[in-house]
Amino acid sequence: MTSNTTKRIYIAGCGGMLGDAFYKEFGNQYYLKCTDIDVNEDWLSYLDFRDFDGYRKDVLDFSPDYLFHLGAYTDLEYCEQNPKDTYATNTKSVEHAVIIASELNISLLYISTAGIFDGDKNVYDESDTPNPIGHYARSKYLAEKYVQENFRKYLICRAGWMMGGGSRKDKKFIQKLIKQIQRGAKELNIVHDKLGTPTYTHDFAINVKLLIDKEKTGLYNMVCQGATSRLEVAQELIDQLGMNSDIQINEVSSDYFKKEYFAPRPSSERLINLRLEQEGLNLMRNWKVSLKDYLRDFYPEYFNNLSAKNPKL
């Protein structure tokens with residue numbers, strides 16, 4: 001991809017919903033090399049970052065100014081059932097990234113998660129101590145700690161409940177609800193006891209870009225503004241689609257889904273972007289505004305058919 005500057009970024013694990021946003025938001029200013037084990041775009045090339053020698057050679061051959069390590073297993077049930085693969089993918093590969101970035105003396109971006117907290121508090125800022133409660137959370141926190149303890153030129157950004165990528169790449173809450181709606185569901189069973197902060201991938205990428213441009217380092221929470229719940233997110237989605245009279249939302253506890261979603265999850269994953277606010281660098285919008293943009297940009301045909309019902313759109 002052409003670039004307006006000579007700055008080069010190697011993005012590992014770029015085939016998912018977050019990588020899609022990074023490619024689009026960084027591509028016009030930086031020269032990118034984007035890799036993934038799943039080559040699902042023509043701008044991706046193959047790399048399994050669990051293979052240290054292959055990872056190192058590919059990065060060194062590209063000679064980047066920055067190394068972005070995005071990829072991870074994020075399916076909590078898979079992680080609980082496959083801990084060895086989880087730690088190899090989510091932890092050991094990040095150790096690889098630290099070694100490679102150290103050798104090149106370049107900055108490293110690592111993406112962490114709100115899921116590393118135990119949920120005993122209502123909200124968490126960067127000063128709170130994580131206490132992960134499942135293999136996914138532990139694998140991510142171990143990687144976060146390794147970066148902090150073994151590297152100096154790092155940027156760690158913690159995301160919340162991700163939304164982005166559209167029907168092809170979004171495997172998270174919004175897409176799961178939309179798939180039910182598209183199948184003709186008239187009722188949605190939504191948990192009322194899970195709290196968090198949505199994170200729109202494009203807002204996240206834009207805010208990361210600001211930090212990179214300003215050569216910031218260290219740890220940042222980076223989530224959309226407006227602490228919320230799974231229930232409120234579902235209600236807002238139905239409202240924005242103008243389907244309040246078509247779909248009934250049933251409030252249920254997490255136990256309702258305990259067979260399907262058996263991995264431990266904190267009751268609260270709410271983050272606040274304290275450091276971004278203190279430094280005047282918080283570009284993250286309210287999650288309701290970001291959700292509206294997400295629906296319009298990634299589900300245009302479906303969204304346009306329904307938006308006529310809802311004048312506020």
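### Examining helix α9 (residues 230-240)
L231, V233, A234, E236, L237, I238 and Q240 are the residues of α9 that are buried. G242, located one to two residues past α9, shows a positive phi value of around 65°.

### Some remarks on the packing of α9 against helix α11 (residues 287-298)
Where α9 meets α11, the closest approach of the two axes is 11 Å, and the angle between their N-to-C directions is 50°. What the angle tells us is that α9 and α11 run oblique. Taken as a pair, α9 and α11 cross one another with a handedness that is right-handed. Facing α9, whose interface residues are E232, V233, E236, L237 and Q240, α11 presents W287, K288, L291, K292 and L295. Across the contact of α9 with α11, the residue classes tally to five nonpolar, one polar and four charged.

### What to know about empty space enclosed by the protein
Going through the model one piece at a time under the given rule, you end up with one cavity of 30 Å³ or more. Its volume calculated, the largest cavity comes out at about 60 Å³. Lining of the largest cavity is provided by W161, M162, M163, F173, I174, P198, R230 and V233. Listing elements by their share of the lining of the largest cavity, those giving two or more residues are β7 (161-163), α7 (173-182) and α9. The element best represented in the lining of the largest cavity is β7, accounting for three residues. Each residue belonging to the lining of the largest cavity can be placed in one class, and the counts come to seven nonpolar, no polar and one charged.

### Some details on the environment of V39
In this structure, V39 sits in the loop between β2 (31-36) and β3 (44-46). Overall, the relative accessible area of 41% leaves V39 in the partly exposed class. A sequence separation of 26 residues divides V39 from G13, and the C-alpha atoms of the two residues are 10.0 Å apart. Excluding residues that lie within four positions of it along the chain, V39 makes contacts with L44, S45 and Y46.

### What to know about the side chain of E144
For E144, the location among the structural elements is in helix α5 (residues 135-150). Setting aside residues up to four positions removed in sequence, E144 forms contacts with Y110, S112, I116, P130, I156, R158 and L219.

### Brief notes about the pairing of strand β6 (residues 154-159)
Within β6, six of the six residues are buried, which leaves it mostly tucked inside the rest of the structure. Side chains Y154, I156 and R158 of β6 all project onto a buried face; the interleaved residues L155, C157 and A159 project onto the opposite face, where all are buried too. Of the pairings in the sheet, the one linking strand β5 (residues 107-113) to β6 comprises six bridges and is parallel in character. By the bridge assignment for β6, Y110 is matched with I156. Running through α5, the crossover from β5 to the neighbouring parallel element β6 is right-handed.

Rules of the game
Residues numbered from 1 in each chain as written. Predicted model: local features only at pLDDT ≥ 70, side-chain atom pairs only at ≥ 80, totals over all residues. Heavy atoms only, no water. Buried < 20%, exposed > 50% of the residue type's maximum accessible area, 1.4 Å probe, protein only. Helix = DSSP H or I, 4+ residues; strand = E, 2+ residues; numbered from the N terminus. Axes fitted to C-alpha atoms, helices over the stretch in contact; angles between N-to-C directions. Parallel < 35°, antiparallel > 145°, perpendicular 65-115°, else oblique. Left-handed = near helix turned anticlockwise from the far one by under 90°. Contact = heavy atoms within 4.5 Å. Nonpolar A, V, L, I, M, F, W, Y, C, P; charged D, E, K, R; others polar. 1 Å grid on protein atoms, 1.4 Å probe; cavity = no way out; pocket = protein on both sides within 12 Å on 5 of 7 lines; lining within 4 Å. Points joined across faces, edges and corners; volume = space filled by probe spheres on them. Pairing = 2+ DSSP bridges. Right-handed = clockwise from strand over helix to strand, strands pointing away.

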